[in-house]
Amino acid sequence: MDFSKFKAATVQTSPVFLNVEKTIDKAIAFVQEAASNGAKLVAFPEVFVAGYPYWNWIMTPVQGSKWYEELYKNSVAVEDDAMQPLYQAAKDNNIHIVIGINERGKSFGEIYNTNLIIDNNGNLIGKHRKLVPTWAEKLTWTAGDGSSLKVYDTEIGPIGTLACGENTNTLARFTLLSQGELIHIANYISLPVAPPDYNMAEAIKIRAAAHSFEGKLFTIVSCSTISQEIMDALRDDVPNVDELLTRKNSAFSGFVGPNGAVIGEPLIDEEGIAYAEIDLQKCIQPKQMHDILGHYNRFDIFDLRVNVAPTRKITFINDQEEFFKR
């Protein structure tokens, strides 16, 4: 049996705020840089295309309404022409990509926080919609469903992903682990508006360590930063935006191994790319002690059931057929 060894990259940066085309160009530049340094997988932040709704935290809902409209106009569908260069970049650079987008729904009131999984042949092999928007995010995003709680087999190994706060959802994480996940992508946004005693960077690291230690796998964390461009865009509505959106220890990007320990030097607040060597063989030995998917569990006692059916908003019935059935 072969166990994959490869170099992975994770990006910590900001998008070009509410500009899909320029953000895709920025992502492609990072893809090319990561591939040139030998990476076979690169992770990008939550809703990197093309921005996070910070206005939900620092404005009233009425003030933020116009910004929701801008976000919707700069959200994407996975088949959009604007997305094609990113898929092509994965193929051209022989690299897997996991990236967050604002996915446009069919209703104008519908945006999903979605992670895309793109293989090294440029194929979109999966997408995960965040199950529960966190706190103020409920003003913007529609909840996903269980159909996207999947692990995807790739040339480098089985990949799963969750966005930001849902990495604290034990049942969602177990659902991925139970499908053989060995490479977990956890992507986040910088959140300096958290309570004063909340260290966002440390919280992200704790979440990643918990998943890696419990599941005996590798977690790759990618977190965004808040650029001066983003703050300047919001300044007319919130004059003290710099005070509200600037705080140290708000972003953490890096790697955690199957023993729950950080691999290498993570990026904290600073922009850039971090790299790590991933050896999936290292997932074996720790499971001898605690395999919560096998011998270290009691499935005769515990029974987790997951509804993976896509949400149906409407069911059409043929009236004539129903008449004859009666």
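Look a little higher up for the structure.
Described below are features of the structure shown in this document.

1. Notes on the nonpolar core
Stage number 1. Core analysis: the largest hydrophobic core is formed by 38 residues, its most contacted members being Y52, Y54, I58, Y188, L234 and L245.
Stage number 2. Of all the secondary-structure elements, those providing two or more residues to this core are α2 (55-58), α3 (61-73), β8 (183-188), α6 (200-215), β9 (218-223), α7 (228-234), α8 (241-245) and β10 (252-256).
Stage number 3. The residues touching Y52, leaving out its near neighbours within four places in the chain, are F17, V47, W57, E137, W141, I189 and L191.
Stage number 4. Listed in part, the 30 residues of the second largest apolar core include F30, L86, I97 and I101.

2. A word on the pairing of strand β11 (residues 262-268)
Stage number 1. Of the pairings in the sheet, the one linking β10 to β11 comprises four bridges and is antiparallel in character. Looking at β11, one finds that F255 is bridged to I263.
Stage number 2. Between the end of β10 and the start of β11, which pair antiparallel, lie five residues, with G260 showing a positive phi angle near 85°.

3. Quick look at the packing of aromatic side chains
Stage number 1. This structure, assessed with the given rule, holds eight aromatic pairs.
Stage number 2. Consider the rings of F44 and F48, whose centres lie 5.6 Å apart with planes at 35°: the pair is tilted. Pair check on accessibility: F44 and F48 agree, each one buried.
Stage number 3. Here the aromatic residues F17, W55 and W67 are joined through ring pairs into a cluster of three or more.
Stage number 4. Over the face of the ring belonging to Y275 we find K7, whose NZ or CZ atom lies 5.5 Å from the ring centre.
Stage number 5. In this arrangement the basic side chain of R129 is found over the ring face of Y112, its NZ or CZ atom lying 3.7 Å from the centre.

4. A closer look at helix α1 (residues 20-36)
Stage number 1. Across its 17 residues, α1 extends 24 Å between first and last C-alpha, which sits within 8% of the 24 Å expected from 1.5 Å per residue.
Stage number 2. The complete set of buried residues in α1 reads V20, T23, I24, A27, I28, F30, V31, A34 and A35. With its buried residues spanning 165° around the axis, α1 presents them on a single face. Exposed side chains of α1 directed beyond 90 degrees from the buried face belong to E21, K22, D25 and S36.
Stage number 3. Contacts from the buried residues of α1 go to β1 (5-12), β2 (39-43), α4 (84-92), β3 (96-104) and β12 (272-279).

5. So, the sheet that holds β9
Stage number 1. Spatial strand order, β6-β7-β8-β9-β10-β11: six strands in an open sheet with mixed pairing. What marks the edges here is a single partner per strand, and that holds for β6 (152-154) and β11. When the angles between neighbouring strand axes are averaged without regard to direction, this sheet yields 20°.
Stage number 2. Pairing between strand β7 (residues 157-163) and β8: five bridges, direction parallel. Among the inter-strand pairings, I159 is bridged to a residue of β8, identified as I183.
Stage number 3. Helix-sheet contacts for helix α5 (residues 170-177) involve β7 and β8, and the interaxial angle to β7 is about 165°.
Stage number 4. Most of the contacts of α6 go to β9, to which it runs at about 155°, and overall it touches β8, β9, β10 and β11.

Conventions we followed
- Residues numbered from 1 in each chain as written.
- Predicted model: local features only at pLDDT ≥ 70, side-chain atom pairs only at ≥ 80, totals over all residues.
- Heavy atoms only, no water.
- Core = buried A, V, L, I, M, F, W, Y, C linked by side-chain atoms within 4.5 Å.
- Buried < 20%, exposed > 50% of the residue type's maximum accessible area, 1.4 Å probe, protein only.
- Helix = DSSP H or I, 4+ residues; strand = E, 2+ residues; numbered from the N terminus.
- Contact = heavy atoms within 4.5 Å.
- Pairing = 2+ DSSP bridges.
- Phe/Tyr/Trp six-rings, centres within 6.5 Å; stacked < 30°, edge-to-face > 60°.
- Lys NZ or Arg CZ within 6 Å of the ring centre and 35° of its normal.
- Expected span 1.5 Å × (residues − 1).
- Arc of directions from axis to C-beta.
- Axes fitted to C-alpha atoms, helices over the stretch in contact; angles between N-to-C directions.

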